[in-house]
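# Results of the structural survey
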Amino acid sequence: MGFNIAIDGPAGAGKSTIAKKIAAKKGYIYVDTGAMYRAMALYLLREKATPDEIDEKCKGADITIGYDNGEQVVYLNGENVNPYIRTEEVGRMASVSSPNPRVRKKLVELQQKLAADADVVMDGRDIGTCVLPDAQVKVYLTADSHERALRRYKELTGKGEACDLSTIEKDIIERDHQDMTREISPLKQAQDAVLIDSSHMSIDEVADAIIALCAECGKK
Ligand code: DC
C-alpha cells in the first residue's frame, strides 16, 4: 500500500486547493474524486438520463484517470472531459447521481485501485470513512458556511460572473444538508480523522498542518 492521505469535508472548505498543494510539495499523486462523479454526471446528462434511469445508464460510462504535467485528467469513454465538468449543470447532476449505489461502487473501486500502489492525497466526501479506511492520515476539513460562501463569491466575481453572496451561502447550507443526510456514504468525520477548521487559516497553514500530520506518522 502506498502512503494515503484522505481529505473529506463540505463543498468550499478548500479541499482541492490544499490537496493539490500537498501533492506538489511532497510529490504525491492528487486524486480528485469529485471530478469522477462529475464525469459520470456529464455522461448521464449527455444520455439525457432521468433519475429513474441512472442505475441502468451508468453502466455505459467507462471512467479512467490520467495525469498531464501533474494535473489530473478524467477520461469518459476515452475522451478527456476536464473542460466540461466544472459547470453548475454538471454539479447539480453530480449531486443527484452520486448517491446511486452502482455509481459509487464503480468509482470507489477505481479510487481504491489508484491508492493501492502510489502515495496519494485524495479528496472527497467518503474517503476516510469508506474509500480508504486504512489511510495513514485522515483529515476532516471544514470552514464556517459564511466563510465558504465568501470564498466562492470572490472566485466567481474574479471570473467576472454576477452572483449574490446570500444566495451562495443558502446553496452551500442546502448542499451540506444533502451531503450529510443522504443514506449512502453520507459526509461525516471519520472517527480517526483530525478536524481542521480552515475559516481563519491560510492555504499554506492548512497544507503545513497536514504535512506535519504525515511527519508524525513517520512519512518524510
Ligand atoms: O467536490 P465536487 O463538488 O467536485 O463533487 C461533485 C459531487 O460529487 C458532489 O455532489 C459530491 C459528490 N461526491 C461524492 O459523493 N463523493 C465523493 N467522494 C466526491 C464527491
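Attention in this report is confined to the structure presented alongside it. Predicted, not measured: the structure shown is a model, and the values here were computed from it.

Turning to the site of the ligand, a few remarks are in order. Neighbouring the ligand are 14 residues, the closest being Arg38, Arg104, Arg125, Asp126 and Arg182. Note that a nitrogen atom of the ligand is positioned 2.9 Å from one of the side-chain N or O atoms of Asp126. Between Arg182 and the ligand, the recorded distance is 2.9 Å, taken from a side-chain N or O atom to an oxygen atom. Notes on the ligand: free accessible area 450 Å², of which the protein chains cover 92%. Tallying contributions element by element places helix α2 (residues 33-46) first for the shell around the ligand, with four residues. When its residues are assigned to classes, the shell around the ligand shows three nonpolar, five polar and six charged.

This part takes up the pattern of salt bridges. Enumeration over the complete set of coordinates arrives at 16 salt bridges. Among the ionic pairs, Lys57 bridges to Glu53, the shortest N-O distance being 3.7 Å. Its relative accessible area of 31% is what places Glu53 among the partly exposed residues. Across the pair Lys59 and Glu56 runs a salt bridge whose closest N-O atoms are separated by 3.0 Å.

What follows concerns the environment of Ala61. Mapped onto the elements of the fold, Ala61 is located in the loop between α3 (54-57) and β3 (63-68). The residues contacting Ala61, other than those within four sequence positions of it, are Met40, Tyr43, Leu76, Asn77 and Lys106.

Criteria and cut-off values
In this convention, every chain numbers its residues from 1, walking through the sequence in written order. Local features in this predicted model are restricted to residues whose pLDDT is 70 or higher, and side-chain atom pairs enter the listing and the counts only when it is 80 or higher, whereas totals over whole chains, interfaces and linings include all residues. To obtain the side-chain values, all non-hydrogen atoms of the structure were used and water was disregarded. One heavy atom within 4 Å of a molecule or strand makes the whole residue count as near it. Distance and chemistry together define a polar contact, namely a pair of N or O atoms within 3.5 Å, with one atom able to donate a hydrogen and the other to accept it when in protein, and with adjacent residues in sequence counting only for side-chain atoms on both sides. Using a 1.4 Å probe, accessible areas were evaluated by the Shrake-Rupley method; residue-level cover was limited to the displayed protein chains. Each helix corresponds to a stretch of at least 4 residues labelled H or I by DSSP, and each strand to a stretch of at least 2 residues labelled E; elements are numbered beginning at the N terminus. In this classification, the charged set is Asp, Glu, Lys and Arg, the nonpolar set is Ala, Val, Leu, Ile, Met, Phe, Trp, Tyr, Cys and Pro, and all remaining amino acids, among them Gly, are polar. Salt bridges are defined as contacts in which a side-chain nitrogen from Lys or Arg sits within 4 Å of a carboxyl oxygen from Asp or Glu. Only protein chains enter the calculation, and the probe is 1.4 Å; a residue is then buried if its accessible area is under 20% of its type maximum, exposed if over 50%, and partly exposed in between. We call two residues in contact when some of their heavy atoms are within 4.5 Å.

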